[in-house]
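Analysis of the macromolecular model
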Amino acid sequence: MPSDRWLYALSLSAVASSVAGLLVPLYVVYLGGGPGALGVSASLSSLVGAPGAILAGRYADRTGDRRGVVVAALAVAAVALVALPFLHSVWSVIAVYAVLAFAVAAISPVVTMLVVGDTPEQAWNGRIARLNVFQGYGSTAGLVLGTVWTVGVATVASTDVVQGSLFAVAALFGVGAAVLAARSLPRHDDLHVGPRRASRVAAILSRTSRNAPDATFAYGTNRLFWATRSLSLARLRRIGSELPPTLWLYFGAAFLFFTGFSVFWAPLPLYLDSSLSFSSGMVFALYLVNNAASTLLFGRAGHVSSARDVRFVQGGALGLRAAAFTGVAGVGLFGADALTGTLGALATVGALLFVVGVTWAFIAVTGTAIVSRFAPQGARGSILGAYAALAAVAGAVGGLLGGWLAAYRFDVAFVVAAGLCVVGAAVVYGARRLSDGPAAAADATST
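Quantities reported herein were computed from a predicted structural model and do not represent experimental measurements.

Taken as a whole and judged by the stated rule, the model has one salt bridge. Among the ionic pairs, Asp 411 bridges to Arg 409, the shortest N-O distance being 2.6 Å. What makes Arg 409 partly exposed here is its relative accessible area of 39%.

This paragraph deals with the nonpolar core. Judged by nonpolar contacts, the single largest core of 102 residues is most densely connected at Tyr 250, Phe 258, Phe 261, Leu 268 and Leu 272. Both domains that furnish three or more residues to this core are identified here as domain 1 (1–187) and domain 2 (229–436). Not counting chain neighbours up to four residues away, the residues in contact with Phe 258 comprise Trp 360, Tyr 387, Leu 390, Ala 391 and Ala 394. Counting residues in hydrophobic clusters, the runner-up holds 29 residues, among them Leu 74, Ile 107, Val 116 and Ala 178.

Another aspect to go through is a nonpolar patch on the surface. Taken together, Val 82, Phe 86, Val 175 and Val 179 make up a surface patch of nonpolar side chains, about 350 Å² in accessible area. Along the chain, Val 175 falls in helix α6 (residues 159–184). Exposure remark for Val 175: the relative accessible area of 35% places this residue in the partly exposed category.

Attention now moves to the confidence of the model for the chain. Segments scoring low in pLDDT should not have their predicted coordinates read at a detailed level. Mean pLDDT over the chain stands at 83; residues scoring 70 or higher make up 82%. Taken as a whole, residues 212–218 scores under 50 in pLDDT and shows 18 contacts with residues more than four places along the chain or in a different chain. Overall, residues 439–447 carries pLDDT values under 50, and its contacts beyond four positions in sequence, including any with other chains, amount to six contacts.

Turning our eyes to something else, we now look at the packing of helix α13 (residues 310–334) against helix α16 (residues 410–430). In the contact formed by α13 and α16, the axes pass within 8 Å of each other and the chain directions differ by 170°. One way to sum up the angle between α13 and α16 is to call them roughly antiparallel. For the pair α13 and α16, contact is made by Arg 311, Phe 312, Gln 314, Gly 315, Leu 318, Gly 319, Ala 322, Phe 325, Thr 326, Val 328, Ala 329 and Leu 333 and by Asp 411, Phe 414, Ala 417, Ala 418, Cys 421, Val 422, Gly 424, Ala 425, Val 428 and Tyr 429, respectively.

The next thing to look at is the environment of Val 48. Here Val 48 lies in helix α2 (residues 35–63). Sequence separation between Val 48 and Ala 103 is 55 residues, and the spatial gap between their C-alpha atoms is 9.3 Å. In contact with Val 48, not counting residues within four places along its chain, are Ala 98, Ala 101 and Phe 102.

Here the focus is the environment of Pro 25. Relative to the helices and strands, Pro 25 resides in helix α1 (residues 7–30). Residue Pro 25 is classed as buried on the basis of its relative accessible area of 14%. Along the backbone, Pro 25 and Ile 94 are 69 residues apart, and their C-alpha atoms lie at a distance of 8.8 Å. Those residues in contact with Pro 25, other than ones at most four positions away along the chain, are Ala 20, Leu 38 and Pro 269.

Turning next to the packing of α1 against α6. In contact at an axis separation of 8 Å, α1 and α6 are set at 155° when each is read in the N-to-C sense. Looking at the two axes, α1 sits roughly antiparallel to α6. Crossing of α1 over α6 shows left-handed handedness. Contacts between α1 and α6 involve Tyr 8, Ala 9, Leu 12, Ser 13, Val 15, Ala 16, Val 19, Leu 23, Val 24, Leu 26, Tyr 27 and Tyr 30 from the former and Thr 159, Asp 160, Gln 163, Leu 166, Phe 167, Ala 170, Phe 173, Gly 174, Gly 176, Ala 177, Leu 180 and Ala 181 from the latter.

How each quantity is defined
Residues numbered from 1 in each chain as written. Predicted model: local features only at pLDDT ≥ 70, side-chain atom pairs only at ≥ 80, totals over all residues. Heavy atoms only, no water. Salt bridge = Lys/Arg side-chain N within 4 Å of Asp/Glu carboxyl O. Buried < 20%, exposed > 50% of the residue type's maximum accessible area, 1.4 Å probe, protein only. Core = buried A, V, L, I, M, F, W, Y, C linked by side-chain atoms within 4.5 Å. Domains from an automatic or database assignment. Contact = heavy atoms within 4.5 Å. Patch = residues over 30% accessible without salt bridge, like charges linked within 9 Å, V, L, I, M, F, W, Y side chains within 5 Å. Areas by Shrake-Rupley, 256 points an atom, 1.4 Å probe, with all protein chains shown as cover. Helix = DSSP H or I, 4+ residues; strand = E, 2+ residues; numbered from the N terminus. pLDDT = per-residue confidence, 0-100. Axes fitted to C-alpha atoms, helices over the stretch in contact; angles between N-to-C directions. Parallel < 35°, antiparallel > 145°, perpendicular 65-115°, else oblique. Left-handed = near helix turned anticlockwise from the far one by under 90°.

Written out as structure tokens, the structure is:
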């Protein structure tokens, strides 16, 4: 088996993109961008991921030049990271960040090809898990780095120096990732992916869930590429006609609550900065708390969703998340003084975002379980890809809606986000067939 040294390049890239994912919104705010600009940025980064993954994945699959695609995409990402601190226009920053999002999403399906190439199919689970570990540790390290850097440098430097120097550090990681990939990536791999194998890769990917609100495009589009790789228009029509009514209902609920998630996340950096007067270091720390909460609870969420009714688990998690969204809005309404100052407000928001992270673990695990359970066996991978595409589209809609609402009032945006979660939870809770299983649903449909 070839050396895995090239996986460290992906860890370095994950550090850089994780830092940029939160630093860019903070920089947009520093440049004078409002909630509308943050909404457009969040929406655009969600939208460009799918074509990035599909175009790069299909090119690599057709030509076999997977190494070239990864090195080129990492180089483009590095150039974008180097350019960002030299831009002083809100819209130019948003445009270059979209290029970065496109490049990161393009890498995702191709590195999956590389990580399972030259390995027996029975070893794919372990190889994909190893890939996720390298990227997951990199993303977490990026948030830790951002927190430490913005807290430490802020004590001796101004905001523009703090942000500019952190951009420089992120760019160093990005350039390092491109150089290490060029030096260590295997020259070729042997992976012939037919429809059955593509479906298997999609199924394996569906069992790993990440948190990073700003990195959805990278994970979701990876699953989307593999799930749709072997689809034709005729097969898509056949899958649509065979999709159980219960799953159509669940997809409707999922679109509502995924939209609500983005309505909350898109304007959040500006809210924390302008309404609560949190420093950049505090904002990084809050996102780190959120990420750690979901990461720590994914295992527990799997056990609970296996032992309990998924309808109640997901409905409860959505309701709890809606309450946390409303709580974050309430912190701004009451003000920091009512919570014993800035530190009290920080602790309160940190606790609420910890709850948001915990609920994501349960929502992600139960969502995949529901789709996997009700999807026809021969189309399971494709339908999981459709679920990922739905999340990306909802993310784009929610980003624009969140920015538009927050331009009026932040608390209105957060309450709307909570409302969409509650409506989605009500649909999930009311769909009793989700508890019965696919067989019962089919029987009920035929009578």
